[in-house]
Amino acid sequence: MPARIVLLGATGHTGGLTAAALTARGARPVLAGRDPARLAPLARQLGGDAGPLDTATADVTDEASVRALIGRGDVLVTTVGPFLRHGEAAVAAAADAGAVYLDSTGEPPFLRRVFEEFGPRAERSGAALLTAFGHDYVPGVLAGALALAEAGDRAHRVDVGYSRDAGPGQGFSRGTLVSLLGVLLEPGHAWSGGRLVTEPAGVHDWRFDVAGRTRRGLSVGGSEHLTLPGLAPSLRTVGVYLDWFGPATEVAHRLAPLGPVLGRVPGAPAGLTRLADLIGSRFATAPTTQGPSRTHVVAEVRDAAGERVARVRLLGPDPYPMTADLLAWAAVRAAEGGVQGTGALGPVQAFGLAELTAGAATAGVVRP
């Protein structure tokens, strides 16, 4: 029998998409939250002829509450952000329970904590922690891994760039916007000189080509820095870049070094949290972009002389349905016993490159 899948955050935008994606794959997740009455309509809608999905009461900020939901081998999926504020209890509960954990975070400080702090706890219990298992940063890990496989032992540096084409309108959900603002003063990270280093987001930029158009991305801490080096012993540098800021890219690049300085000002982090909530309240819960939305990911590998030895480009759908489908695919495979290893794992380490490639394709992430 497949293991139980428990979903936290189904009443949010990404969570609702994930619940639908899970049931589309034949799963019947337990929908958990502080108010089961809010979950009941969704449980009835998604349950179909078999009857409503099960719901459960849990507070995502209370580790004991989440821990009571899950047992060894269960699969816990959480889309409740910002994860720096709301994510610790769930990952801690899963790590101690010996469960499989999946989340949708894109927040660099949180995913680094999962690897460095909770990973060892998960190894002791037999848990598997798969953080940032969505648009941030599965496509980049996959593109990087495919390019590294082509480069072989010539791999010295890999750069991964994310870009998106979308119509007019609000491109992010309210939750994504609040999460993004919440990490502005937090330290980022990179893989440089063969080791993980701390550095602010946005201090480096990279120009990469997508379908004949040059994109400019700003550096950000991703799961690529934590997972790709284990796939290529010769790898010394990993760069991850987001082409999200359009005309504001140059301004963001120049202001990036100020983040750590402002973060040390008394009261600044708390003030930014309040500001993020205020700004977020003025935005729609879900994106409002019109027309089709596509994502692009490019990974380029260079040798020690700086010569490009491999390049992989992946094309994908809108980030939010993609994230839901990736989480659903991984949760179902985990429930079937398909995760390899324990501790904090990257997507390739958890499933293998061939299976991850096939699974990502079911979410629309393919080589054009």
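Criteria and cut-off values
- Residues numbered from 1 in each chain as written.
- Predicted model: local features only at pLDDT ≥ 70, side-chain atom pairs only at ≥ 80, totals over all residues.
- Heavy atoms only, no water.
- Helix = DSSP H or I, 4+ residues; strand = E, 2+ residues; numbered from the N terminus.
- Contact = heavy atoms within 4.5 Å.
- Polar contact = N/O pair within 3.5 Å; in protein donor to acceptor, adjacent residues only side chain to side chain.
- Salt bridge = Lys/Arg side-chain N within 4 Å of Asp/Glu carboxyl O.
- Buried < 20%, exposed > 50% of the residue type's maximum accessible area, 1.4 Å probe, protein only.
- Axes fitted to C-alpha atoms, helices over the stretch in contact; angles between N-to-C directions.
- Parallel < 35°, antiparallel > 145°, perpendicular 65-115°, else oblique.
- Left-handed = near helix turned anticlockwise from the far one by under 90°.
- Nonpolar A, V, L, I, M, F, W, Y, C, P; charged D, E, K, R; others polar.

The next subject is the environment of Asp159. With respect to the helices and strands, the residue Asp159 is situated in strand 7 (residues 157–165). Along the backbone, Asp159 and Ala299 are 140 residues apart, and their C-alpha atoms lie at a distance of 5.5 Å. Contacts of Asp159, omitting those with residues within four sequence positions, involve Trp206, Gly239, Tyr241, Val298, Ala299 and Glu300. Polar contacts involving the side chain of Asp159 include one to the side chain of Arg157, which spans 2.8 Å. Among the polar contacts made by the side chain of Asp159, one reaches the side chain of Tyr241 at a distance of 3.3 Å.

With that settled, the discussion passes to the pattern of salt bridges. Tallied over the full model, the rule gives 21 salt bridges. Between Arg4 and Asp74 there is a salt bridge; the shortest N-O distance is 2.9 Å. Remark: Asp74 occurs in the loop between helix 3 (63–67) and strand 4 (75–78) and Arg4 occurs in the segment before strand 1 (5–8); sequence separation between them is 70 residues. Arg113 is the salt-bridge partner of Glu88, the closest N and O atoms lying 3.3 Å from each other. Remark: Arg113 occurs in helix 6 (residues 108–125) and Glu88 occurs in helix 5 (residues 88–97); sequence separation between them is 25 residues. Owing to a relative accessible area of 41%, Glu88 belongs among the partly exposed residues under this scheme. Sharing partners across several salt bridges, the network here consists of Asp165, Arg213, Arg215 and Arg294.

We now examine the packing of helix 13 (residues 319–335) against helix 15 (residues 353–362). Two quantities define a packed helix pair, namely the angle between the helix axes and the distance between the axes. Closest axis-to-axis distance for the helix 13/helix 15 pair is 8 Å, and the angle between their directions is 130°. One element, helix 13, and the other, helix 15, form an angle in the oblique class. Read as a crossing pair, helix 13 and helix 15 show a hand that is right-handed. Within the contact between the two elements, helix 13 uses Leu326, Trp329 and Arg333 and helix 15 uses Glu355, Leu356, Gly359, Ala360 and Thr362. In the contact of helix 13 with helix 15, the residues fall into four nonpolar, two polar and two charged.

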